[in-house]
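# Fold and contact review
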Amino acid sequence: MPFTLATWNINSVRLREGIVAQLMSEEAPDVLCLQECKSPVEKIPMEQFRALGYNHMVARGQKGYNGVAILSKLPIEDAGDQDFANLGHARHVAGRLENGVTIHNFYVPAGGDEPDREKNEKFGQKLDYLTGMRDWFHSEKPEKSILVGDLNIAPREDDVWDHKKLLKIVSHTPVEVEHLAQVQDAGNWVDVTRADIPKGLLYSWWSYRARDWDAADKGRRLDHVWATSDIASAGHSSKILRHVRGWEKPSDHAPVFATFDV
DNA sequence: ATGGTAGTGTTACTA
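About the criteria used
Residues numbered from 1 in each chain as written. Chains lettered and ligands numbered in written order. Predicted model: local features only at pLDDT ≥ 70, side-chain atom pairs only at ≥ 80, totals over all residues. Heavy atoms only, no water. Buried < 20%, exposed > 50% of the residue type's maximum accessible area, 1.4 Å probe, protein only. Helix = DSSP H or I, 4+ residues; strand = E, 2+ residues; numbered from the N terminus. Pairing = 2+ DSSP bridges. Axes fitted to C-alpha atoms, helices over the stretch in contact; angles between N-to-C directions. Contact = heavy atoms within 4.5 Å. Salt bridge = Lys/Arg side-chain N within 4 Å of Asp/Glu carboxyl O.

Let us look at the pairing of strand S4 (residues 68-72). Burial of S4 is extensive: five of the five residues sit out of reach of the surface. Here S4 shows a buried face lined by Val68, Ile70 and Ser72 and a second buried face lined by Ala69 and Leu71. Pairing of strand S2 (residues 31-35) with S4, which is carried by five bridges, proceeds in the antiparallel orientation. Across the sheet, residue cysteine 33 finds its bridge partner in S4, namely isoleucine 70.

If you want it as structure tokens, here you go:
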């Protein structure tokens, strides 16, 4: 049975309840993974989501910061969470569908402004978080799994608006790209979005700070859909819904979609 | 080199 999955950094699920419901109504992904819910789990506004057919949720939350949730039309069981780098943040949750597919939903630390762990503790935490992911997937050897989320790294030259200008900007530095590649290798993960759309500029995030984000188009592809190699070829129909970035009171991220025939 | 905007929850912190 094919199913469609979306990942979206929502930057407050309570403030943006309306546009989450709009995405559910217009696109109806079977599974919707959210990051930066900025809410305790019990305060996620489930009533409207249930009315739209999203009767299942696995989530981790905290007040004000971080928070990840998997909202699903399909039954999903809680498959635990990890606290890489021991930050005590709600940045990961896993769920398992009845077809046996495990879904990992991640919100990787942004890493602050200065790409130097000596001067900026947050950058070190980001690298340590990625190393934790690498080591865990290395021992876990995931199969029949999908990894999505805001990984806060745009790995390819065509994942950013200007590769050279961004080489020293957190999210596109060589050391981050190398750490992300090691996570990918350790879990046998395939970048489904780029397997599907191998060529051309592709962004999922545009800063709030631009006067006109659409015209400036200084985007980055920070949000990812990966799958383990055993099911990666079942992934297709990838898309990033750029127009959602232009909705009323938007998130600074656009949702990324893929469909899996599994 | 700097500042631009947004969310949370009270005034600084994070992105």
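Having seen the model, we can carry on.
The strand order across the open sheet formed by six strands is S5-S6-S7-S8-S12-S9, and the pairing between neighbours is mixed. Each edge of the open sheet carries a strand with a single partner, namely strand S5 (76-78) and strand S9 (189-191). Sheet twist, expressed as the average angle between the axes of neighbouring strands with direction ignored, equals 25°. As judged from the three bridges shared by S5 and strand S6 (residues 92-97), these two strands associate in the antiparallel manner. For aspartate 78, the partnering residue across the bridge sits in S6 and is glycine 95. The strands that helix H3 (residues 121-140) touches are S6, strand S7 (102-107), strand S8 (145-150) and S9; relative to S7, the one it contacts most, it runs at about 165°.

Okay, the pattern of salt bridges next. Taken as a whole and judged by the stated rule, the model has 16 salt bridges. Linking aspartate 191 and arginine 221 is a salt bridge whose minimum nitrogen-to-oxygen distance equals 2.9 Å. Remark: arginine 221 occurs in the loop between strand S11 (219-220) and strand S12 (223-228) and aspartate 191 occurs in strand S9; sequence separation between them is 30 residues. Residue classification places arginine 221 among the buried residues on the basis of a relative accessible area of 0%. Through salt bridges with shared partners, one network takes in Arg156, Asp158, Asp159, Asp191, Arg194 and Arg221.

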